[in-house]
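Okay, here's what each chain looks like letter by letter:
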Amino acid sequence: MAENQSIARTFPVKPKLKPTSANSTTPTPESKYWRSFKTPKDLQSQTLVSAITSLSFSPISPHDFAATHSATVSIFSGQTLEPKTTISSAFKDSVTSASFRSDGRLIAAGDLSGAVQVLDLKSRVPLRRLRGHTRPVRVVRYPRADKLHLFSGGDDAVVKYWDITTESKIYNLLGHKDYVRCGDASPVSDDMFVSGSYDHTVKVWDVRVLNSGSVMEFDHGKPVEDVIYLPSGGLVATAGGNSVKIWDVLGGGKLLYTMESHNKTVTSICVGKIGKESGEEAQQYRILSVSLDGYMKVFDYAKFKITHSMRFPNPLMSVGVSPDCSTRVIGASNGTLYIGRRKVKDSESLELGGFGGGFAPVEEPQRRVLRPSYFRYFQRGQNEKPSEWDYLIKKPKKIKVAEHDKLLKKFMHKEALVAALSGKNPENVVAVMEELVARKKLLRCVSNLETEELGLLLRFLQRYSTMPRFSRFLMGLTKKVIEMRTEDIKSSDELRGHIRNLKRDVEEEIRVQQTLQQIQGIVCPLLKIAARR
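Bear in mind the structure is a predicted one, so any value in this text is a computation, not a measurement.

1. Some points on the UniProt feature "repeat: WD" (unreviewed entry) in the protein
Reasoning step 1: Per the UniProt entry, the sites bearing "repeat: WD" (unreviewed entry) are residues 130-172 and 173-208 in this numbering.
Reasoning step 2: Taken end to end, residues 173-208 is 0% helix and 53% strand, and its two terminal C-alpha atoms sit 12 Å from one another.

Below, the structure is given as structure tokens:
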């Protein structure tokens with residue numbers, strides 16, 4: 001009975017699982033969490049006019065979000081996920097970036113005409129027009145809590161810090177040498193922000209100390225497409241090329257990690273939050289990145305690993321996650337919005353203290369145990385590991401036999417010699433010749449060689465006869481070959497050429513040996529004199 005129980009513990013039966021991906025791996029709790037963002041059934045698919053250049057969420061609940069496309073800013077409801085309002089009359093050209101104010105009442109947006117508009121969401125009327133960029137504006141950001149200032153950057157390689165109340169520029173922040181395409185405000189200070197440019201650099205600015213330019217600079221190595229502050233304020237993530245890099249601002253701009261899991265350019269990154277509201281799993285943040293390869297990757301920057309990956313049918317341009325992590329929005333190059341909302345169960349909401357942005361621990365399914373009374377017990381395959389009392393029979397490894405060895409086993413001596421000569425290993429050729437000498441078949445094989453085969457033999461002798469390892473054996477064989485096949489050599493120009501080359505190499509080797517003997521004659525008396533002293 002005890003033996004049957006030990007056998008049962010040795011061969012557990014894995015439960016049947018439905019394949020969820022190409023490699024049919026069991027999804028982790030975090031993968032289940034990110035897959036739970038699904039489009040509501042009653043929500044119609046949202047396809048806008050052109051590529052979604054940016055996405056921005058309101059910091060105020062219910063967290064409406066804005067999508068910029070063409071010459072329009074579309075505001076979507078955070079509750080119904082349906083279009084709420086559209087702002088297009090204020091813009092003369094394509095809108096590139098938008099940012100909500102900290103109270104969620106105003107939104108600032110920049111367009112390709114070089115203007116920055118500050119608009120009221122209710123009346124959709126422009127309240128301020130900030131003009132100063134000579135080229136298209138690519139990024140507009142409000143500080144974390146400051147309602148009176150914002151910064152912008154554009155293709156004129158200038159970052160501008162604005163006073164919204166007076167519609168005037170406070171600072172021109174110079175330092176970039178190419179287009180400024182991205183930026184982000186610090187989550188811990190309203191006076192600090194970061195900007196990224198196509199000159200491969202990312203600069204950290206502090207409006208309190210601008211006498212010496214930027215306070216810090218990173219070199220991403222590729223044109224920077226997006227840059228964000230991580231929630232602690234001490235780390236910065238940059239995206240450019242096919243990589244996302246993490247930088248330590250407090251550590252002097254040290255590069256902490258480089259993630260290269262995308263196949264094409266990473267176009268946008270953002271921060272998402274998982275975990276419970278309190279406890280050990282609280283405040284677990286992830287970096288979400290989207291790329292032109294159509295993939296969204298979730299990166300755990302605490303453990304430096306990819307935790308989830310999802311593919312979409314179109315190249316992706318922008319990504320955003322609501323502050324409460326209940327809504328995830330991805331914008332594609334063809335104008336499609338992939339809106340996903342996480343469905344939270346009642347029991348899970350109670351367990352998480354009302355926080356809908358986390359996941360509860362998932363218990364592993366209980367495994368069935370195979371017993372000798374089951375028929376499947378006798379159908380265990382190669383994946384089963386042997387137990388301690390099993391006698392393991394290993395299949396002998398198949399030894400690959402060379403072609404000349406096969407021919408020698410069949411006593412096809414001439415063919416074996418030709419096969420060895422056709423190879424590139426001189427040691428195999430000499431070994432076959434020595435075997436034929438032991439069988440007393442070498443000279444007969446030489447006499448039966450055809451003209452082309454004889455050319456292979458003479459070429460081999462000309463190349464390796466003067467090598468010290470083979471010279472003693474091959475020089476004797478060379479004499480025999482010339483004596484036996486003199487007539488054939490005289491009748492062929494190619495064979496005579498091999499003999500001339502062989503003669504030249506032998507004469508050269510003799511000269512080298514004579515020179516070495518002369519050197520030896522000089523060195524030996526000197527060594528004897530030195531030994532006496």
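2. Focus on the pattern of salt bridges
Reasoning step 1: Summed over the entire model, instances satisfying the criterion amount to 18 salt bridges.
Reasoning step 2: Residues Lys-203 and Glu-217 are paired through a salt bridge, measuring 2.6 Å at the closest nitrogen-oxygen approach. Placement of the pair is Lys-203 in strand 18 (residues 201-206) and Glu-217 in strand 19 (residues 216-219), with a sequence separation of 14 residues.
Reasoning step 3: Among the residues examined, Lys-203 registers a relative accessible area of 6% and is labelled buried.
Reasoning step 4: Taking relative accessible area as the criterion, Glu-217 reaches 45% and is therefore assigned partly exposed.
Reasoning step 5: One salt bridge connects Glu-508 with Arg-511, and the closest N-O pair in it is separated by 2.3 Å. With Glu-508 and Arg-511 both in helix 11 (residues 493-532) and 3 residues apart, the pair spans about one turn of that helix.
Reasoning step 6: By relative accessible area, Glu-508 is classed as partly exposed at 40%.
Reasoning step 7: On the basis of relative accessible area, Arg-511 is assigned to the partly exposed category, the value being 44%.
Reasoning step 8: Put simply, Glu-30, Arg-286 and Asp-300 are held in one network by salt bridges that share partners.

3. Things to note about the side chain of Ser-56
Reasoning step 1: Locating Ser-56 in the fold gives a position in strand 4 (residues 54-57).
Reasoning step 2: A relative accessible area of 12% means that Ser-56 is categorised as buried.
Reasoning step 3: Residue contacts for Ser-56: discarding those within four places in its chain leaves Asp-64, Phe-65, Ala-66, Ala-98, Ser-99 and Phe-100.

4. Structural notes on the sheet that holds strand 22 (residues 243-248)
Reasoning step 1: If you trace the 4 strands from one edge of the open sheet to the other, you get 20-21-22-23, paired in antiparallel fashion. The open sheet has two edge strands with one neighbour each: strand 20 (224-229) and strand 23 (254-259). Adjacent strand axes in the sheet meet at a mean angle of 20°, parallel and antiparallel pairs treated alike.
Reasoning step 2: The sheet contact formed by strand 22 and strand 23 spans 5 bridges and is antiparallel. The partner of Lys-245 across the bridge, within strand 23, is Thr-258.

5. Digging into unusual backbone geometry
Reasoning step 1: The omega torsion across Ser-61 and Pro-62 is 10°, close enough to zero to call that bond cis.
Reasoning step 2: Structurally, Pro-62 can be placed in the loop between strand 4 and strand 5 (65-69).
Reasoning step 3: Within the chain, His-200 stands out as a residue other than glycine whose phi angle is a positive 80°.
Reasoning step 4: Assignment of secondary structure puts His-200 in the loop between strand 17 (192-197) and strand 18.
Reasoning step 5: When its relative accessible area of 29% is taken as the criterion, His-200 is described as partly exposed.
Reasoning step 6: Residues other than glycine seldom take positive phi values, yet Phe-411 does so here, at roughly 60°.
Reasoning step 7: With respect to the secondary-structure elements, Phe-411 resides in the loop between helix 4 (403-409) and helix 5 (413-422).
Reasoning step 8: On the basis of relative accessible area, Phe-411 is assigned to the exposed category, the value being 60%.

Quick notes on the rules
Residues numbered from 1 in each chain as written. Predicted model: local features only at pLDDT ≥ 70, side-chain atom pairs only at ≥ 80, totals over all residues. Heavy atoms only, no water. UniProt positions renumbered as here; feature names shortened; annotations may be inferred. Helix = DSSP H or I, 4+ residues; strand = E, 2+ residues; numbered from the N terminus. Salt bridge = Lys/Arg side-chain N within 4 Å of Asp/Glu carboxyl O. Buried < 20%, exposed > 50% of the residue type's maximum accessible area, 1.4 Å probe, protein only. Contact = heavy atoms within 4.5 Å. Pairing = 2+ DSSP bridges. Axes fitted to C-alpha atoms, helices over the stretch in contact; angles between N-to-C directions.

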